[in-house]
Amino acid sequence: MRQDQEDPYQRRSAQVYAAADRAGSGSVARPRPILYDAVLLDRDGTLIEDVPYNGDPEKVRPVPGARAALDRLRAAGLRLAVVTNQSGLARGYFTGEQMRAVHARVEELLGRFDAWLVCPHDDADGCDCRKPAPGLVHAAARELGTTASRCVLVGDIGRDVAAALAAGAAGVLVPTPVTRPEEIAAAGWVAADLPAAVAEILRRQQAVQPSDLPTEPVRTALVVRSDSAGDVLVTGPAIRAVAAGAERVVLLCGPRGRAAANLLPGVDEIIEHPLPWIDPTPGPVDPEAVRSLTARLGAVGVDQAVVFTSFHQSALPLALLLRMAGIGRIAAISDDYPGSLLDIRHRVPVGVPEPERALSLAAAAGHRLPDGDEPVLRLRRNAVPPRPADLGDPGYVVLHPGSAASSRACPPELATRIVGALTDAGHRVFVTGGPDERAVTAGVAAAGGTDLGGRTDLAGLAAIVADAGAVVVGNTGPAHLAAAAGVPVVSLFAPTVPFGQWGPYRVPTVRLGDAAAPCRDTRAASCPVPGHPCLSGIDPDEVVDALRTLAVGGGGGR
Ligand SMILES: [Zn+2]
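Calculation notes
Residues numbered from 1 in each chain as written. Predicted model: local features only at pLDDT ≥ 70, side-chain atom pairs only at ≥ 80, totals over all residues. Heavy atoms only, no water. Donors = N, O, S within 2.8 Å, 3.2 Å for Na, K, Ca; no water. Tetrahedral: all angles 85-135°; square planar, octahedral: opposite > 155°, others 65-115°. Helix = DSSP H or I, 4+ residues; strand = E, 2+ residues; numbered from the N terminus. Buried < 20%, exposed > 50% of the residue type's maximum accessible area, 1.4 Å probe, protein only. Axes fitted to C-alpha atoms, helices over the stretch in contact; angles between N-to-C directions. Left-handed = near helix turned anticlockwise from the far one by under 90°. Contact = heavy atoms within 4.5 Å. Nonpolar A, V, L, I, M, F, W, Y, C, P; charged D, E, K, R; others polar.

A. Up close: the coordination of the zinc ion. Note on the zinc ion: its protein donors are C119 (SG), H121 (ND1), C127 (SG) and C129 (SG). The metal-donor distances range over 2.1 to 2.3 Å. Angles of 96 to 117° at the metal separate the 4 donor atoms of the zinc ion, which places the site in the tetrahedral class. Between the donor residues of the zinc ion, the gaps in sequence give the motif C-x1-H-x5-C-x1-C. Placement of the pair is C119 in strand β4 (residues 115–119) and C129 in the loop between β4 and α4 (135–143), with a sequence separation of 10 residues. One exposure class covers both C119 and C129, and it is buried.

Okay, here's the thing in structure tokens:
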């Protein structure tokens, strides 16, 4: 035991209450789950009713269904930790001994936890463990022998979810009457209560694990992901899963996704062709082009096709072409009735992160990520060129103001102020953008950053992103490049599509912007609201604070 060895009020790190003899207890040999090793639970309002500054074990009341829900997690082999802010310690409202008596009572009622992580500090202490800081989440992951990205945290307020995201963990909000509406709007994953959160955690965990292997071997698999770079990048884990179960993988993508397709591991061959029923600005359907695509797909020798789509796209037009190309086994997600177009018609509830949504389709088609391949975005190492030598040391901040959809872009005026604030805080800032965004990046960088607009292709941008300390970016491709490099993201996220589906995946993230703005869930490509209020209201100091939360240091001077 490590508690009681020093005065908790002198400490700036979390108190850990984990008995060594509990580590590994009750674990049985079973395959490592693909998504999560552990569930972290907030205490007050999540596991037990919130009694402010409670030091009395008699007042412990579990929330309805808590014991059965926790036992379901235990039975599934997930490890459990409590992560709790207890500033009442700092304020002297109860003693450490009283708190431990409360925790003993919690375990009496709810069963044992593998670790207890307590932040004893107050907001004024500036510690790195008081939620929304990510310290408790990292400490819990360490205690449980895993990493934050393999943890999911359940909590009842925005601080809990923010701490999870800042650590790169998943966060589920289970609102109570004290949860603020804006916290509910900002959360990417909301469940009605603890039992519902647990049910969805287990469902997602199960959904990426195939129940059946393919009945016949797959020599050549055709995987399909049309649309833009970001769409292709988030499908990467699922494509790797298919690649693990097939001898050869051919990827059909559109022109706007081609550069990203070149970066994906597991792809042996790429066919590039626009699909007019997917493209946001589609050309007319050209019967000759459709005939030529069908002929080309027919010549591939496909044993199995897996058609990946976003939740608002239909796989069925392509499925018809694949049938006409003579392809016998086709899997896709389809809410629409597919008739005889699909062999495996997969369904996914709304709100699932796009990479997991795709992984669950791969699983339905009989494929899973092999052990040791984490379900994170990844790029082929030899596809990314060396970073330009003139950029200096790693650790700079990349600000990428643009987006193919202007509704998801950071307003240039705001981006300019962000560059100024970051520069003042001692950060080196590189402003990136495509060749058609040069005017914007030059203007934005003039506030103190370095303009790299138009200087690189997507692979070159991936190289620059990979050595960044953090990337400040809207909901667009480079956010997923950052996730693929494990680089923290300050996400200026316009809520036109759900954050839970499109937020940076399994990488430390701070979400900024008004999640309840009127553009929410409109999928609008250009902002339908005058003034682009979802993002224009961001204060540049929020970005500076976010970098501090993500432990991205400035260049000094503070
Ligand atoms: Zn703390």
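Moving on from the coordinates now.
B. Inspection of unusual backbone geometry at higher detail. A cis amide bond, omega 20°, links K131 with the succeeding residue P132. Mapped onto the fold, P132 is located in the loop between β4 and α4. One non-glycine residue with positive phi stands out, namely R506, at about 55°. For H532, which is not glycine, the phi dihedral falls at a positive 50°. The exposure class of H532 is buried, given its relative accessible area of 11%.

C. Looking closely at the packing of helix α14 (residues 412–424) against helix α15 (residues 438–445). Look at α14 against α15: their axes get within 8 Å of each other, and the N-to-C directions meet at 35°. Where α14 crosses over α15, the two elements pack in a sense that is right-handed. Two secondary-structure elements touch here, α14 through P412, A415, T416 and V419 and α15 through V440, G443 and V444. Taken together, the residues that form the contact of α14 with α15 break down as 5 nonpolar, 2 polar and no charged.

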